[in-house]
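Residue strings, one per chain:
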Amino acid sequence: MFQAFQQRRWRWLVFWVVIVAVVIAAPAVLPVFRLNLLGRFLSLAIVALGIDLIWGFTGLLSLGQGIFFALGGYGAAMFLQLNSSSGQPNGIPEFFSLYGVDQLPFFWEPFHNPLFTLIAIWLVPALLAALLGNMVFRNRIKGVYFSILTQAALLVFFNFFNGQQKLINGTNGLKTDVTQLFGQMVGSPEMQRYFFWFTCVLVFLVWLFVRWVVRGRFGDVLIAIRDDEPRLRFTGFNPTLFKTIVFAIAGGLAGIGGALFTVQSGIVSPQYMAVPFSIEMVIWVAVGGRGTLVGAIFGAVVIMYAKSLVSEAWPQGWLFIQGGLFILVVTVLPEGVIGWFKTDGPQNLLAKLGWVRRLATYPKLEIDGNEEVQP
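Residues numbered from 1 in each chain as written. Predicted model: local features only at pLDDT ≥ 70, side-chain atom pairs only at ≥ 80, totals over all residues. Heavy atoms only, no water.

A few points about the nonpolar core
Applicable threshold: By nonpolar core we mean a set of buried residues, namely Ala, Val, Leu, Ile, Met, Phe, Trp, Tyr and Cys, connected to one another through side-chain atoms within 4.5 Å. In this scheme, a residue with accessible area under 20% of its type's maximum is buried, one over 50% is exposed, and one in between is partly exposed, where area comes from a 1.4 Å probe on protein chains only. Numbering of helices and strands runs from the N terminus, with a helix taken as a DSSP run of H or I at least four residues long and a strand as a DSSP run of E at least two residues long. Here, residues are in contact when the closest pair of their heavy atoms is within 4.5 Å.
Among the nonpolar cores identified, the biggest contains 89 residues, and Trp 108 and Trp 284 are the most heavily contacted of them. The greatest single-element share of this core, amounting to 15 residues, is contributed by helix H2 (residues 32-56). The residues touching Trp 108, leaving out its near neighbours within four places in the chain, are Met 78, Gln 81, Leu 82, Pro 93, Phe 95, Phe 96, Leu 167, Ile 168 and Leu 174.

The structure is reproduced here in structure tokens:
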């Protein structure tokens, strides 16, 4: 048993060494375009960690994480727009003049402050998630009904943001690549490289944070909610409070991911709240392995990178591949790729193919130094 533990420990050590080596080598090996794509997909991994927290550990399948993702993106974009509008008439972003607006809307004013922006990109989504979650959880709505409600809320926000042309440029969204930050253009290769490094560090910190959350008594309660909520309630716990907290954490993480994705993609728009995008987020976690954390990161980065490569060669082909991946996970790999490896999936597969691993037996015993007893 100890030997198996040691082998597993060495496997994970090698795994993390390879990941760190890839991250360090990426800026020197990849062209700017590919590096930028990797940075975007790493920012999506932060969103995936939040989904794994609420779905993999708590059993709450949310189809509306695009709401919080877009709010974080809008917060970052509003600050960058204001930071680069000093030369514009009335000191407001240029798009306002297209709609005859000559005074900055009141909710834009706080985003002049960079500290407020850094707090708002995760706190506003977290508070909204806590509010929506508490309204749903205190009525004991769960399962498929919870998923439907989150998707309905997503549609409401999508239509609302689409119609706000005079306030946030509506369907056109807010561009960030031509804005200025620290005296440099946000879309420049130098700034994008900095954003890549910052995203890598933040993904690791978020992984540590979520790993800390799911460990200990709090993590045990989350798993109990997922596996048998009525029994947990019978023991005296209040699942509503725990579900509200964890849903708020996932909302805040989605906001952080949205802000990082926006500054690396160059724009934020209501399309971040489109239903297919929020469903894709769930597929990342399902394919990578829900309840594993590492699987969420793996699923987001690998699937999105594969989507980019396939779409370049075969624009309409990714929908078929994505559907096939989901069918594969549902029918063959319910634990996802990482979960499959954790449950000795490769060895079981080899056994089904006819290769049976020899079992360890007791060593030969010597008797009187001459005779041997075979095991």
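There's plenty left to go through after this.
Notes on unusual backbone geometry
Positioned with a positive phi, Arg 140 is a non-glycine residue whose angle comes to about 60 degrees. Inspection of the secondary structure puts Arg 140 in the loop between helix H4 (114-137) and helix H5 (144-162). Classification of Arg 140 as exposed rests on a relative accessible area of 54%.

Notes on a nonpolar patch on the surface
For clarity, the cut-off: Distance thresholds for patches are 9 Å for like charges and 5 Å for nonpolar side chains (Val, Leu, Ile, Met, Phe, Trp, Tyr), applied to residues having over 30% relative accessible area and no salt bridge. Using the Shrake-Rupley algorithm and a 1.4 Å probe, accessible areas are obtained, with residue cover drawn only from the displayed protein chains. Salt bridge, as applied in this entry: a Lys or Arg side-chain nitrogen positioned within 4 Å of an Asp or Glu carboxyl oxygen.
There is a patch of nonpolar side chains on the surface, built from Leu 115, Ile 119, Trp 122, Leu 123 and Leu 127 and spanning about 460 Å² of accessible area. Tracing the backbone through its elements, the reader meets Leu 115 in helix H4.

Observations concerning the layout of surface pockets
One way to see where empty space is left: roll a probe the size of a water molecule over the atoms. Applied cut-off: Whether a set of points on the 1 Å grid over the protein atoms alone is a cavity depends on a 1.4 Å probe fitting there but being unable to get out, while an open set qualifies as a pocket with protein on both sides within 12 Å along at least five of seven lines; lining residues are those with an atom within 4 Å of a point. Grid points are joined across faces, edges and corners, and a volume is the space filled by probe spheres set on the points. Under this grouping Gly is polar, as are all residues other than the nonpolar Ala, Val, Leu, Ile, Met, Phe, Trp, Tyr, Cys and Pro and the charged Asp, Glu, Lys and Arg.
Taken as a whole, the largest pocket encloses approximately 680 Å³ of empty space. Across the lining of the largest pocket, the residue classes tally to 23 nonpolar, no polar and no charged. Counted as a void, the second largest pocket has a volume near 530 Å³. In this structure, the second largest pocket is lined by 19 residues; those nearest its centre are Leu 118, Ile 121, Leu 181, Phe 195 and Phe 198.

A look at the pattern of salt bridges
For side chains bearing opposite charge, pairing can occur when the charged atoms are close. Across all of its chains, the model carries seven salt bridges by this definition. Measuring nitrogen to oxygen at the nearest pair gives 3.5 Å for the salt bridge that ties Lys 175 to Asp 177. Owing to a relative accessible area of 39%, Lys 175 belongs among the partly exposed residues under this scheme. According to the relative accessible area criterion, Asp 177 is partly exposed, its value standing at 26%. When salt bridges that share partners are traced, they join Lys 142, Glu 229, Arg 233 and Lys 243 into one network.

Things to note about helix H7 (residues 189-214)
Rules: Here a helix's expected span is defined as the number of its residues, less one, multiplied by 1.5 Å.
Taking 1.5 Å of rise per residue, the 26 residues of H7 would be expected to cover 38 Å, and the 37 Å separating its terminal C-alpha atoms lies within 8% of that figure. Following H7 by one or two positions, Gly 216 has its phi on the positive side, about 80 degrees.

Some thoughts on the environment of Gly 50
In this structure, Gly 50 sits in helix H2. Excluding residues within four positions of it along the chain, Gly 50 makes contact with Ala 250 and Leu 253.

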